[in-house]
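Architecture at a glance
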Amino acid sequence: FPVTIPFYTKAFNGEIVIGFNKIKIDKQLEDINKPITILLILLGLVALIVVYVMASQISQPIVKLTELSEQMAQGAYGTLNTFRKVRVFELNRLQESLEALASKLNLERQRNQELTQNLENKIKEQTGGLESLLKDLNVAQEIAHFANFKFHLSTNTLDGSENLQNLLGIKDISVVTRKHIVTGK
């Protein structure tokens, strides 16, 4: 298709007609655009890879910290030291907070175990002392022909000292009822 361009100089005044072959121009444009299209596709792929790498760099520490938090919730406090430091400032702060929390929880767990053991030892000690006193009381009641008891109205049952059975002349204290207490029979 021809193109007409006005052209003026001192020596020439008129129009220049230029003829173009549309098929050749289309082919040349296609040849120019092929590498540009390939380059754009490659740039798009590179961008996707960069985004994927960055997303994994960001999400990996978050996933790891989430896993560690779940382990802490189940009582596993010692696993935090195996996690490498992450590069993101906020995540470092979160990790440091979790590590400090885990350390405190470990100390408190040890302290609770020590306190529990001490309490158990004191209970055993006090129980042994009470059992000794109960034996002495039973001996004293036997010598003095004396007994003590408690009657539970709500359950209609009787609790008493060992000597109560001897004084009442019965083999089993569980058969004693309110009637026996009131009438003495």
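Conventions adopted
Residues numbered from 1 in each chain as written. Predicted model: local features only at pLDDT ≥ 70, side-chain atom pairs only at ≥ 80, totals over all residues. Heavy atoms only, no water. Helix = DSSP H or I, 4+ residues; strand = E, 2+ residues; numbered from the N terminus. Buried < 20%, exposed > 50% of the residue type's maximum accessible area, 1.4 Å probe, protein only. Contact = heavy atoms within 4.5 Å. Areas by Shrake-Rupley, 256 points an atom, 1.4 Å probe, with all protein chains shown as cover. Expected span 1.5 Å × (residues − 1). Bend = angle between axes of the 7 residues up to and from the residue. Core = buried A, V, L, I, M, F, W, Y, C linked by side-chain atoms within 4.5 Å. Pairing = 2+ DSSP bridges. pLDDT = per-residue confidence, 0-100. Patch = residues over 30% accessible without salt bridge, like charges linked within 9 Å, V, L, I, M, F, W, Y side chains within 5 Å. Salt bridge = Lys/Arg side-chain N within 4 Å of Asp/Glu carboxyl O.

1. Considerations on the overall build of the protein
Regarding its fold elements, the protein presents four helices and four strands. Traced from its N-terminal end to its C-terminal end, the protein shows the element sequence β-β-α-α-β-β-α-α. Scored against the burial criterion, the 185 residues of the protein give a buried share of 14%. Within the protein, contacts between residues at least 6 apart in sequence are counted, and of these 24% link residues at least 24 apart. Total accessible area on the protein stands at roughly 15,200 Å², and carbon and sulfur atoms take up 62% of it.

2. Some remarks on helix α1 (residues 22-73)
One full turn of an α-helix is made of 3.6 residues, so residues set three or four places apart face in the same direction. End to end, α1 covers 73 Å across 52 residues, agreeing with the expected 76 Å (1.5 Å per residue, within 8%). Along α1, the sharpest change in direction is near 25° and occurs at Asn-33; proline Pro-35 comes one to four residues later. Along α1, the positions that sit buried rather than exposed are Pro-61, Leu-65, Leu-68 and Met-72. Phi for Gly-75, located one or two positions after α1, is positive at around 100°.

3. Regarding unusual backbone geometry
Positive phi, close to 50°, is recorded for His-145, a residue that is not glycine. Considering the arrangement of structural elements, one finds His-145 in the loop between α2 (89-144) and β3 (149-152).

4. Some thoughts on the nonpolar core
Ranked by size, the top nonpolar core spans six residues in total: Ala-147, Phe-151, Leu-158, Leu-164, Ile-173 and Val-176. For Ala-147, the residues in contact, after removing those within four places along its chain, are Gln-141, Ser-161, Asn-163, Leu-164 and Leu-167.

5. A few points about the pairing of β3
Remark: a regular strand shows side chains that alternate across the two faces of the sheet. Sheet analysis places β3 next to strand β4 (residues 157-160), joined by four bridges and oriented antiparallel. Paired with Phe-151 across the strands is Leu-158, a residue of β4. Where β3 hands over to β4, the hairpin turn is made up of four residues, of which Asn-156 adopts a positive phi near 60°.

6. Examining the confidence of the model for the protein
In this model, the protein carries a mean pLDDT of 82, and residues with pLDDT of at least 70 account for 88%. Per-element confidence in the protein ranges from a low mean pLDDT of 69 for helix α4 (residues 178-183) to a high of 88 for α2.

7. Let's talk about the side chain of Asn-138
Mapping Asn-138 onto the fold places it in helix α2. Under the relative-accessibility criterion, Asn-138 is labelled buried at 10%. Apart from the residues within four sequence positions on either side, Asn-138 is in contact with Ser-161 and Glu-162.

8. A closer look at the environment of Thr-177
Along the chain, Thr-177 falls in the loop between α3 (162-168) and α4. Once the C-alpha coordinates of Thr-177 and Leu-158 are considered, the two residues, 19 residues apart in sequence, prove to be 7.3 Å apart.

9. Thoughts on a nonpolar patch on the surface
A surface patch of nonpolar side chains, amounting to about 470 Å² of accessible area, comprises Ile-5, Phe-7, Phe-12, Ile-16, Ile-18 and Phe-20. Of all the secondary-structure elements, those providing two or more residues to the nonpolar patch are β1 (2-8) and β2 (13-19). Following the sequence through the fold, Ile-16 ends up in strand β2. Under the relative-accessibility criterion, Ile-16 is labelled partly exposed at 33%.

10. Regarding the environment of Asn-156
Position of Asn-156 among the secondary structure elements: in the loop between β3 and β4. Residue Asn-156 is classed as partly exposed on the basis of its relative accessible area of 37%. In this structure the C-alpha to C-alpha distance between Asn-156 and Thr-177, which are 21 residues apart in sequence, comes to 6.6 Å.

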